[in-house]
Amino acid sequence: QVLLVEAGGGLVQSGGSLRLSCAASWGTLSSHNMGWFRQAPGKEGEFGAAITWSGAGTYYGDPVKGRFTISRDNAKNMVYLQMHSLKPEDTAVYYCAAAPITTATMRSPYDYDNWGQGTQVTVSS
């Protein structure tokens, strides 16, 4: 079990960048595969990115591929989501989530058993 806390959200203009961070206020992230999901008002949650426990494997949803980068620093117990070329349609609450190391697929929210409280990202046009 881990207790996750996201930070770094905010208001940014279209084309801008933000870096989200996810910290474990309790527990060790290196024991988990990690992911970022997002949910916009009135829409279903959407897979953003995932990274294996070692950082060797990364996966991205089509809407963010090529613009977002997920990374982790296990020594600091942190996971990051660097977002570039932001668009208004990226506006959402972004959630950090932890999945067991044994998780084979990391694109479904059902693969994850620990979630942060979310951080709001708003991209203005």
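Preceding block: the structure.
Below, the structure is looked at part by part. (Residues numbered from 1 in each chain as written. Predicted model: local features only at pLDDT ≥ 70, side-chain atom pairs only at ≥ 80, totals over all residues. Heavy atoms only, no water.)

Let's shift gears to the state of the cysteines. Tallied over the entire structure, the rule returns one disulfide. Across the disulfide, Cys22 is cross-linked to Cys96 (sulfur-sulfur distance 2.0 Å). Disulfide Cys22 to Cys96: torsion about the S-S bond roughly -75°, handedness left-handed. Taken together, the residues span a long stretch of sequence, with Cys22 in strand 3 (residues 18-26) and Cys96 in strand 9 (residues 92-100) at a distance of 74 residues. Both residues of the pair, Cys22 and Cys96, belong to the buried class. (Disulfide = S-S within 2.5 Å. Helix = DSSP H or I, 4+ residues; strand = E, 2+ residues; numbered from the N terminus. Buried < 20%, exposed > 50% of the residue type's maximum accessible area, 1.4 Å probe, protein only.)

By size, the foremost hydrophobic cluster in this structure holds 27 residues, and its most contacted members are Leu4, Met34, Trp36, Ile70, Leu81, Met83 and Tyr94. For this core, the elements supplying multiple residues, two or more each, are strand 3, strand 4 (32-39), strand 5 (46-51), strand 7 (68-73), strand 8 (78-83), strand 9 and strand 11 (119-124). If we ignore the near neighbours within four places in the chain, the residues touching Met83 are Gly16, Ser17, Leu18, Leu20, Arg67, Phe68, Tyr94 and Val121. Membership of the second largest hydrophobic core comes to seven residues, among which are Phe37, Ala50, Ala99 and Met106. (Core = buried A, V, L, I, M, F, W, Y, C linked by side-chain atoms within 4.5 Å. Contact = heavy atoms within 4.5 Å.)

Let us look at the sheet that holds strand 3. The strand order across the open sheet built from four strands is 1-3-8-7, with neighbouring strands paired in antiparallel fashion. The outermost strands of the open sheet, each flanked by one partner alone, are strand 1 (3-7) and strand 7. When strand polarity is set aside, the average angle formed by the axes of neighbouring strands in this sheet is 20°. Direction of pairing for strand 1 relative to strand 3: antiparallel, over a ladder of five bridges. Residue pairing in the sheet places Glu6 in a bridge with Cys22 of strand 3. (Pairing = 2+ DSSP bridges. Axes fitted to C-alpha atoms, helices over the stretch in contact; angles between N-to-C directions.)

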